[in-house]
Structure formats: structure tokens, C-alpha cells
Amino acid sequence: MFIQANWWEFAEASAPHASEKIAQFMMEQYGNLEGSTFYQHKEIPSNFISWHESSVQPTPLGSKVGEIEASFTAELKCDVGDANKSSQWLYIVHTDIPADIVDEYNHWNDEEHLPRLVTVPGVNRARRFICTGQSPRYLTAYSLDDPNAFESPAGLIARKTPWTAKMRSLFFNTRRTMAKKYEIS
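The rules behind these values
Residues numbered from 1 in each chain as written. Predicted model: local features only at pLDDT ≥ 70, side-chain atom pairs only at ≥ 80, totals over all residues. Heavy atoms only, no water. Helix = DSSP H or I, 4+ residues; strand = E, 2+ residues; numbered from the N terminus. Rg over C-alpha atoms; globule rule 2.2 N^0.38 Å. Pairing = 2+ DSSP bridges. Axes fitted to C-alpha atoms, helices over the stretch in contact; angles between N-to-C directions. Contact = heavy atoms within 4.5 Å. Bend = angle between axes of the 7 residues up to and from the residue. Buried < 20%, exposed > 50% of the residue type's maximum accessible area, 1.4 Å probe, protein only. Polar contact = N/O pair within 3.5 Å; in protein donor to acceptor, adjacent residues only side chain to side chain. Phe/Tyr/Trp six-rings, centres within 6.5 Å; stacked < 30°, edge-to-face > 60°. Core = buried A, V, L, I, M, F, W, Y, C linked by side-chain atoms within 4.5 Å.

Q: Help me understand the overall build of the protein chain, please; the structure alone is not making it clear to me.
A: From N to C terminus, the protein chain includes four helices and eight strands. When the helices and strands of the protein chain are placed in sequence order, the string is β-α-β-β-β-β-α-β-β-α-α-β. Compactness check: the protein chain gives a C-alpha radius of gyration of 16 Å against a globular reference of 16 Å for 185 residues, within 12% of the reference. Along the longest, intermediate and shortest principal axes, the C-alpha atoms of the protein chain span 45 × 35 × 30 Å.

Q: What am I meant to see in the sheet that holds strand S2 (residues 36-41) here?
A: Hydrogen bonds between backbone atoms are what pair the strands of a sheet, whose relative direction is either parallel or antiparallel. Pairing is antiparallel around the closed barrel formed by eight strands, whose spatial order is S1-S3-S2-S8-S5-S7-S6-S4. The sheet shows a mean angle of 30° between the axes of neighbouring strands, direction not considered. As judged from the five bridges shared by S2 and strand S3 (residues 47-54), these two strands associate in the antiparallel manner. Note on S3: the bridge partner recorded for Ser-36 is His-52. With respect to the sheet, helix H2 (residues 102-117) is in contact with strand S4 (68-81), strand S5 (89-96), strand S6 (123-131) and strand S7 (138-144), its orientation differing from that of S6 by roughly 165°.

Q: How should I be thinking about H2 in this particular structure?
A: An α-helical segment advances 3.6 residues per turn. Residues three or four places apart therefore align on the same side. The axis of H2 is deflected most strongly, by about 45°, at Asn-109. Among all positions of H2, only Tyr-105, Asn-106, Trp-108, Asn-109, Glu-112, His-113, Leu-114 and Leu-117 are buried. Of the surrounding elements, those touching the buried residues of H2 are S4, S5, S6, S7, helix H3 (153-159) and helix H4 (162-169).

Q: What is the right way to look at the environment of Ser-86 in this model?
A: Positionally, Ser-86 belongs in the loop between S4 and S5. Measuring from C-alpha to C-alpha, the distance between Ser-86 and Asp-145 comes to 8.4 Å, with 59 residues separating the pair along the chain. Once you skip the residues sitting within four places of it in the chain, Ser-86 turns out to touch Asn-124, Asp-145 and Lys-181. Within polar-contact distance, the side chain of Ser-86 engages the side chain of Lys-181 at 3.2 Å.

Q: Any chance you could explain the packing of aromatic side chains here in plain terms?
A: The description of an aromatic ring pair uses the distance of the two centres, along with the angle that the planes make with each other. All told, the structure shown has 15 aromatic pairs when counted by the stated rule. Relative to Tyr-182, the ring of Phe-48 lies with its centre 6.5 Å away and its plane at 75°, an arrangement referred to as edge-to-face. Taken as a pair, Phe-48 in strand S3 and Tyr-182 in the segment after strand S8 (172-181) lie far apart in primary sequence, 134 residues in all. We classify Phe-48 as buried; its relative accessible area is 1%. A relative accessible area of 23% places Tyr-182 in the partly exposed class.

Q: I tried to follow the nonpolar core on my own but got confused; where do I start?
A: The tendency in soluble globular proteins is for nonpolar side chains to be buried as a group. In terms of nonpolar packing, the biggest core is built from 25 residues, with Tyr-91, Tyr-105, Val-123, Tyr-142, Leu-144 and Phe-150 touching the most fellow members. Listed by contribution, the elements that provide at least two residues to this core are S4, S5, H2, S6 and S7. Ignoring anything within four residues of it in the chain, the contact list for Tyr-91 reads Thr-140, Ala-141, Tyr-142, Leu-144, Phe-150, Arg-176, Thr-177 and Met-178. Among the nonpolar cores identified, the runner-up in size contains 16 residues, and Trp-7, Phe-72, Ile-92 and Leu-139 belong to it.

Q: What is the right way to read the environment of Met-27 from this model?
A: Secondary-structure assignment places Met-27 in helix H1 (residues 15-30). For Met-27, a relative accessible area of 40% puts it in the partly exposed group.

Q: How do you make sense of the side chain of Thr-161 when you look at a structure like this?
A: Secondary-structure assignment places Thr-161 in the loop between H3 and H4. Sequence-distant contacts of Thr-161, that is, excluding residues within four places in its chain, are made with Glu-112 and Arg-116.

Q: Can you help me understand the pairing of S3 in this one?
A: Side-chain direction in a regular strand flips from residue to residue, so the side chains alternate between the two faces of the sheet. With seven of its eight residues buried, S3 lies for the most part within the structure. Summarising the sheet, strand S1 (residues 2-9) and S3 pair through eight bridges and their orientation is antiparallel. Its bridge partner being in S3, Ile-3 is matched across the sheet by Glu-53. Counting the residues that bridge the hairpin from S2 to S3 gives five residues.

Printed below as a string of C-alpha cells:
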């Protein structure tokens, strides 16, 4: 499984205009909207994410296209939780890590971090991706019913481990995005 995630930045927060423009781009890029989801940034209403899932690796965008501020193509490496449950929120942590801890980072995510987080009420799924030829290279996506799930008592307990503290202290070039699903018209 692969994804192409595009961060869109519009001059104004006109969701219908953005929806039209993104849907048109996605139709041109992929031929249809199947496998595509559209999200509006929680804190910056003029920013959106288009998220396209595919069994074949999509062609990375060569350069900035229109309002696309950043584009990432990534391969799924770990998937934990309920893939069939529809979630209204997507939380993305996109980061780089030192080359000498890649194996430990992957082991931490796959064996401790993601399995713990999907036990938190409101967290349905956690997926770890590796971006191809891009920076930040590591992308983790969480499907949520509640955008505040990680701040709940159960969320804080799940996130507060010595190994998590160690790994997070090594992140750099990090981007965190909380976005709500927006229906493409």
C-alpha cells in the first residue's frame, strides 16, 4: 500500500473552492477519486490535505503544483488497529530521525508505540509510512474519532513511556498536522 499526501495552502478558507480544485487535480492525477480522502486543517482553515491510497506506487510530483505546498509519496510499513472503521480526524506526525536509530525507531513504533496508541478510546488506527526520496522521511498517520484522544488520561498514559520520550527527543524536521475529513463534492 502506498499513499500520496499533498498539503494544500489556499489564500482564503473557501472549502467549496478548495474542494473543487483538489478534486479536479486528483481526477487528473489518478483518473478517479477512488482511494482519495480530503481533509481540512484544524488550526488553519485555508489549508487542506489530499490523501490518496493505492496498491501501486504513485508518481511523485516533480515540483510545486499550484497551491500544493508539499507533496509526499510513501510506502506503508506498519498498520495497527481497525482499517474498516471510518474516522473523521487524521493526525499526521511527519519527521526525520538520525540514520543510526532507524532500526530502533521502526521497532519502537511497531512493537510499543502504535499498539499502545490504538488502545486509547477515540484512536481507531495507526499507520507508519516511509517516504521515498523526500524529507521528512517518516510519516505516521492516526485515524481518530476524537481530535483530543491523545490528551485524554488514557492517551497520556499510552504516550508517556521512557522509550517514547527517548525516541521523540531524537525527532527533527518535524511537522504535526490535525485535520478533519471533508467530503469532496
